[in-house]
Amino acid sequence: ISEIDFQDSIHVLGFSDELNKLLLHLYLDNRKEIRSILSELAPKLPSYHSLEWRLDVQLASRSLRQQIKPAVTIKLHLNQNEDQTAQVLQTDPSTLLHLIQQLEQALGEMKTNHCRRIVRNMK
């Protein structure tokens, strides 16, 4: 982060001005090393490869002749460290719609200036 952002971050902690200047000096001297250590500590998360889905509907059973019980089955293929894994998930359509709404809301929040500033400083 920039000098101003660092100063703003530590100013909130309530340290004395002398200690703030010392911390800023230490940060500026070790900025590259701090960034390299933090990049090594970052978790290696799986990435999206592909998705398969299927809609199953149970129309009747022995005990109930007329019922409608829908289920969505999703097979999510992921890449992690050159390996490919698959996760199988099953849910009902209403839960899937709620999940979609939450993800769309999260994507909308990523477009705010506050989130853009945080992501820019993380790079």
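The rules behind each value
- Residues numbered from 1 in each chain as written.
- Predicted model: local features only at pLDDT ≥ 70, side-chain atom pairs only at ≥ 80, totals over all residues.
- Heavy atoms only, no water.
- Pairing = 2+ DSSP bridges.
- Helix = DSSP H or I, 4+ residues; strand = E, 2+ residues; numbered from the N terminus.
- Axes fitted to C-alpha atoms, helices over the stretch in contact; angles between N-to-C directions.
- Contact = heavy atoms within 4.5 Å.
- Salt bridge = Lys/Arg side-chain N within 4 Å of Asp/Glu carboxyl O.
- Buried < 20%, exposed > 50% of the residue type's maximum accessible area, 1.4 Å probe, protein only.
- UniProt positions renumbered as here; feature names shortened; annotations may be inferred.

- In the nomenclature of an unreviewed UniProt entry, the chain corresponds to COMM domain-containing protein 2 from the organism Spheniscus mendiculus.

### Examining the sheet that holds strand β2 (residues 69–80)
What links the strands of a sheet is backbone hydrogen bonding, and the strands pair in either a parallel or an antiparallel sense.
Reasoning step 1: Read across the sheet, three strands follow the order β1-β2-β3 without closing on themselves; strand pairing throughout is antiparallel. The open sheet has two free edges, formed respectively by β1 (47–58) and β3 (83–91), since each of these has just one partner strand. Averaged over all adjacent pairs, the angle separating strand axes in this sheet is 15°, with direction ignored.
Reasoning step 2: For β2 and β3, the ladder comprises nine bridges, and the chain directions are antiparallel. Bridge pairing links H77 to A86 in β3.
Reasoning step 3: Against the sheet, helix α4 (residues 93–109) contacts β2 and β3, and its axis sits at roughly 45° relative to β2.

### Looking at the pattern of salt bridges
Reasoning step 1: Throughout the structure, instances matching the rule amount to one salt bridge.
Reasoning step 2: Residue D56 pairs with R54 through a salt bridge whose shortest N-O separation is 3.1 Å.
Reasoning step 3: Taking the relative accessible area as the measure of exposure, R54 reaches 48% and is therefore partly exposed.

### Overview of the UniProt feature "domain: COMM" (unreviewed entry) in the chain
Reasoning step 1: Taking the numbering used here, the UniProt-annotated feature "domain: COMM" (unreviewed entry) corresponds to residues 47–114.
Reasoning step 2: Summarising residues 47–114: 28% helix, 49% strand, and an end-to-end C-alpha distance of 25 Å.

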